[in-house]
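What the coordinates show
As a plain string of letters, each chain reads:
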Amino acid sequence: MNTIRLAILPLLALAVLAPLAGCDDAIDIESHRRGTATHYMIAAANPLAAEAGRKILADGGSAVDAAIATEMVLTLVEPQSSGIGGGAFLVHHDAADGKLETYDGRETAPESAHPGMFLTPDGTPMRWPDAALGGRAVGVPGVLRMLALAHADHGILRWADLFEPAIKLAEDGFDVSPRLAGLLAADTEMREIPGTKDYFYPGGEPLKAGTVLKNPALAKVLRAVAENGAAQFYAGRIPAGIIETVAAAPANPARMTAEDIASYEAKKRYPVCVTYRAYRVCGMGPPSSGGILVGQILGILNHFDLGDMEPFSAEAVHLIVEASRLAFADRALYVADDDFVPVPVSGLLAPGYLAARARLVSPEARMEEALPGRAGRTAWRYGTDDAPEKGRSTTHFSVRDRYGNVVSITASIERAFGSKLMTQGFLLNNELTDFSFRPESKGHPVANAPAPGKRPRSTMSPTIVFDRAGKPVLAIGSPGGSRIAGYTLKAIIGVIDWNMHVADAIAAPNIVSRGGPVDIEAGTAAEALKPALEAMGHEVRLREMTSGLHGIHITAEGLIGGADPRREGVVLGD
Ligand code: GLU
């Protein structure tokens, strides 16, 4: 077997564990990509947002408290990725009673949605970018109701206090980050959109990195929600602004009603867990496919000894790819919002089923066709995966508080800048493009077809890994569209099987298959794997793959954190 050792040694050499101090005014990103702490820690995609979370943790707040403060600042400073105009999934471990809970704040389709909403008049699917822009793909935002639900369960500090860091930054101004400035400069649509262009393109020019930007409109919304609770976002003036913006969109104007927004419900879902080596890996069930994908892939890999193989060798990558292909085949057939279609979650994750799937994998050669298995009785068929190659938006952050509680949360407005519609200082999502554009496939209804009130299938994979004693050992997750599961499991395998520092596992090259070809992160040492993988029968493509993994490894020696060097994240703690 051809084993090509990747150049991860230089990364390992950098793994000097610098203890994290509190915080200076400007956080140097490079020196905070990794770190250790004793009491509490946050790893998040933006220094200002991570600092808001750190402050809450320092003040005795819970992991959920810190998550709320962080997500509010992310709404302001990383508007391309997530915010109160979008959705999220949150996985929570409670140290006091050992309970694991998963919260679903995914967007819902309005009453006006229908199965053919992303078809052109001639019945063919719309071009994805045409559908993503404007009003049609905007789902009812779920972030605030979800955070309110989690706060009611696990909050320690006052709800209102958690909004202070974001309100202050919105009123006083913050420095536009290089990443935000770069994405604004590259965007060709937003400078034409009323309500969005004046904020991001003052005088017709994109905001430059370092520009001090204020957002008084968002400060006003956050103050109202801080003082009166999340309900303020779901009735009255704020939803009226959303409805009007969606209706007046220059592209794809659409109908969302006050009732659509008022009736939004955040939900607690059953966590999805599998045993992997000596660990339990737990994540988000439907409407996300994330937990099932990560769980199935690891459940199949459990039958192979990755720990004995060279990290990121062709031999190991081949197995991960084959397991991924099988999991994606099942995802395409079975996974959608299970409030609407029956998803055989336990069948898909049953050890016997995964053992049978593992027997389909040859260590030497690519299986010709990776077909879905018989995991449950279902007549549903899913059409082609419409998720495009993207990965510039969405955000993941991980938090551990001084009490031992852990939060792993992924939040999104779908693609960069979502629908590109802005109201009251925040952007609205385009999450409904995560539905299948084709409501039928070869005469079968598609599980993930749009319907009123339904949540589009996600791949977001906020994950917590536990040891045998039920103690959390790793909180991890990533943005990246349908590649999210692949990024997340790279980090899990790196830490568990290859004993890597979590920051090195995060930084290691991304290599992902979503059922089709194997994508290798361009410009990395992993490019060297191409010939060996091709020799095993794989089609290999080189791609830009902007993961945004932010993880915390909880060890006997303390907390070890890592932030993805592909974005602007940092690790802070004490
Ligand atoms: N909308 C995607 C999902 O929920 C996430 C988008 C991204 O990460 O770019 O799976």
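One structure accompanies this document, and this report is about it. (Residues numbered from 1 in each chain as written. Predicted model: local features only at pLDDT ≥ 70, side-chain atom pairs only at ≥ 80, totals over all residues. Heavy atoms only, no water.)

This brings us to the site of the ligand. In the vicinity of the ligand there are 15 residues, among which Glu414, Glu431, Asp434, Thr459 and Gly481 approach most closely. Thr459 has a polar backbone atom sitting 2.7 Å from an oxygen atom of the ligand. Gly481 is positioned with one of its backbone polar atoms (N or O) 2.7 Å from an oxygen atom of the ligand. Against a free-state accessible area of 300 Å², the protein chains account for coverage of 98% of the ligand. (Near = heavy atom within 4 Å. Polar contact = N/O pair within 3.5 Å; in protein donor to acceptor, adjacent residues only side chain to side chain. Areas by Shrake-Rupley, 256 points an atom, 1.4 Å probe, with all protein chains shown as cover.)

Now for the side chain of Asn215. Looking at the secondary structure, you find Asn215 in the loop between strand 6 (212–213) and helix 9 (216–228). A distance of 3.2 Å separates polar atoms of two side chains, one belonging to Asn215 and the other to Tyr199. Among all residues touching Asn215, those that are not within four sequence positions of it are Leu76, Ala170, Tyr199 and Gly425. (Helix = DSSP H or I, 4+ residues; strand = E, 2+ residues; numbered from the N terminus. Contact = heavy atoms within 4.5 Å.)

When you tally the buried positions in strand 11 (residues 406–412), you get seven out of seven residues, the bulk of the element. On strand 11, burial covers both faces: Val406, Ser408, Thr410 and Ser412 on one face and Val407, Ile409 and Ala411 on the other are all buried. Bridging between strand 3 (residues 87–93) and strand 11 involves seven bridges; their strand directions are antiparallel. Paired with Leu90 across the two strands is Ile409, which belongs to strand 11. Both strand 10 (residues 395–400) and strand 11 contribute to a ladder of six bridges, which runs antiparallel. Pairing of Val399 across the sheet is with Val407, part of strand 11. (Buried < 20%, exposed > 50% of the residue type's maximum accessible area, 1.4 Å probe, protein only. Pairing = 2+ DSSP bridges.)

Let us look at the pattern of salt bridges. This structure, assessed with the given rule, holds 29 salt bridges. Measuring nitrogen to oxygen at the nearest pair gives 3.0 Å for the salt bridge that ties Lys268 to Glu101. In this pair, Lys268 sits in strand 7 (residues 267–269) while Glu101 sits in strand 4 (residues 100–104), placing the two residues 167 residues apart along the sequence. Arg127 is the salt-bridge partner of Asp130, the closest N and O atoms lying 2.9 Å from each other. (Salt bridge = Lys/Arg side-chain N within 4 Å of Asp/Glu carboxyl O.)

We now examine the nonpolar core. Ranked by size, the top nonpolar core spans 87 residues in total, and within it Leu144, Phe163 and Phe200 carry the most contacts. Among the elements that take part in this core, helix 3 (residues 63–77) stands out by supplying 11 residues, more than any other. If sequence neighbours within four positions are ignored, Phe163 has contacts with Ile68, Met72, Leu144, Leu222, Val225 and Ala226. With 73 residues, the next largest nonpolar core counts Phe328, Ile492, Ala505 and Val518 among its residues. (Core = buried A, V, L, I, M, F, W, Y, C linked by side-chain atoms within 4.5 Å.)

Our focus in this paragraph is the state of the cysteines. What the rule picks out here adds up to one disulfide. Each sulfur in the disulfide pair Cys273 and Cys282 lies 2.1 Å from the other. With the S-S dihedral at roughly 115°, the linkage between Cys273 and Cys282 falls on the right-handed side. On the basis of relative accessible area, Cys273 is assigned to the partly exposed category, the value being 23%. (Disulfide = S-S within 2.5 Å.)

Spatially, seven strands are ordered 1-22-21-17-16-9-8 in an open sheet, and the strand pairing comes out antiparallel. What marks the edges here is a single partner per strand, and that holds for strand 1 (34–37) and strand 8 (272–276). Strand-to-strand twist across the sheet, computed as the mean angle between neighbouring axes with direction ignored, equals 15°. Strand direction decides the pairing type here: strand 9 (residues 279–283) and strand 16 (residues 463–466), joined by three bridges, are antiparallel. (Axes fitted to C-alpha atoms, helices over the stretch in contact; angles between N-to-C directions.)

What follows is about the packing of helix 13 (residues 290–301) against helix 17 (residues 484–496). In contact at an axis separation of 9 Å, helix 13 and helix 17 are set at 45° when each is read in the N-to-C sense. By the angle between their directions, the pair helix 13 and helix 17 is classed as oblique. In terms of crossing hand, the pair formed by helix 13 and helix 17 is right-handed. Only Ala485, Leu489, Ile492 and Ile493 of helix 17 make contact with helix 13, whose side of the interface consists of Leu293, Val294, Ile297, Leu298 and Leu301. Of the residues belonging to the contact of helix 13 with helix 17, the class tally is nine nonpolar, no polar and no charged. (Parallel < 35°, antiparallel > 145°, perpendicular 65-115°, else oblique. Left-handed = near helix turned anticlockwise from the far one by under 90°. Nonpolar A, V, L, I, M, F, W, Y, C, P; charged D, E, K, R; others polar.)

With that settled, the discussion passes to the pairing of strand 4. Across the five residues of strand 4, five count as buried, placing the element largely inside the fold. The two faces of strand 4 match: Leu100, Thr102 and Asp104 on one face and Glu101 and Tyr103 on the other face are all buried. Two elements, strand 3 and strand 4, share five bridges in a ladder whose sense is antiparallel. Across the sheet, the residue bridging to Phe89 is Asp104, located in strand 4. In textbook terms, the turn of a hairpin is the stretch between consecutive antiparallel strands, and for strand 3 and strand 4 this stretch comprises six residues, one of which, Gly98, has a positive phi near 70°. Summarising the sheet, strand 4 and strand 7 pair through three bridges and their orientation is antiparallel. Looking across to strand 7, one finds that Asp104 is bridged to Lys267.

Under the defined criterion, the tally for this structure stands at four cavities of 30 Å³ or more. The computed volume of the largest cavity comes to approximately 110 Å³. Every residue along the wall of the largest cavity is listed here: Phe312, Val317, Ile320, Val321, Gly486, Leu489, Lys490, Ile493, Trp498 and Ile511. The leading source of residues in the lining of the largest cavity is helix 17, at four residues. Each residue belonging to the lining of the largest cavity can be placed in one class, and the counts come to eight nonpolar, one polar and one charged. (1 Å grid on protein atoms, 1.4 Å probe; cavity = no way out; pocket = protein on both sides within 12 Å on 5 of 7 lines; lining within 4 Å. Points joined across faces, edges and corners; volume = space filled by probe spheres on them.)

With respect to the helices, strands and loops of the structure, Ser478 is situated in the loop between strand 17 (472–476) and helix 17. Owing to a relative accessible area of 0%, Ser478 belongs among the buried residues under this scheme. Separated by 3.0 Å, the side chain of Ser478 and the backbone nitrogen of Gly548 make a polar contact. Once residues lying within four places of it in the same chain are set aside, the contact partners of Ser478 are His396, Thr410, Ile484, Tyr487, Thr488, Ser547, Gly548 and Leu549.

For the coordinates displayed, the defined rule picks out eight aromatic pairs. Relative to Tyr264, the ring of Tyr234 has its centre 6.0 Å away and its plane inclined at 20°; by these criteria the two rings are stacked. One end of the pair, Tyr234, is in helix 10 (residues 231–234); the other, Tyr264, is in the loop between helix 12 (258–262) and strand 7, with 30 residues separating them in the sequence. Judged by its relative accessible area of 1%, Tyr234 falls in the buried class. Look at Phe312 and Trp498: their rings are 5.0 Å apart centre to centre, the planes differ by 55°, and that puts the pair in the tilted class. Residue Phe312 is located in the loop between helix 13 and helix 14 (314–334), and its partner Trp498 is located in the loop between helix 17 and helix 18 (502–507); the two are separated by 186 residues in the primary sequence. (Phe/Tyr/Trp six-rings, centres within 6.5 Å; stacked < 30°, edge-to-face > 60°.)

These figures capture arrangement, not role.
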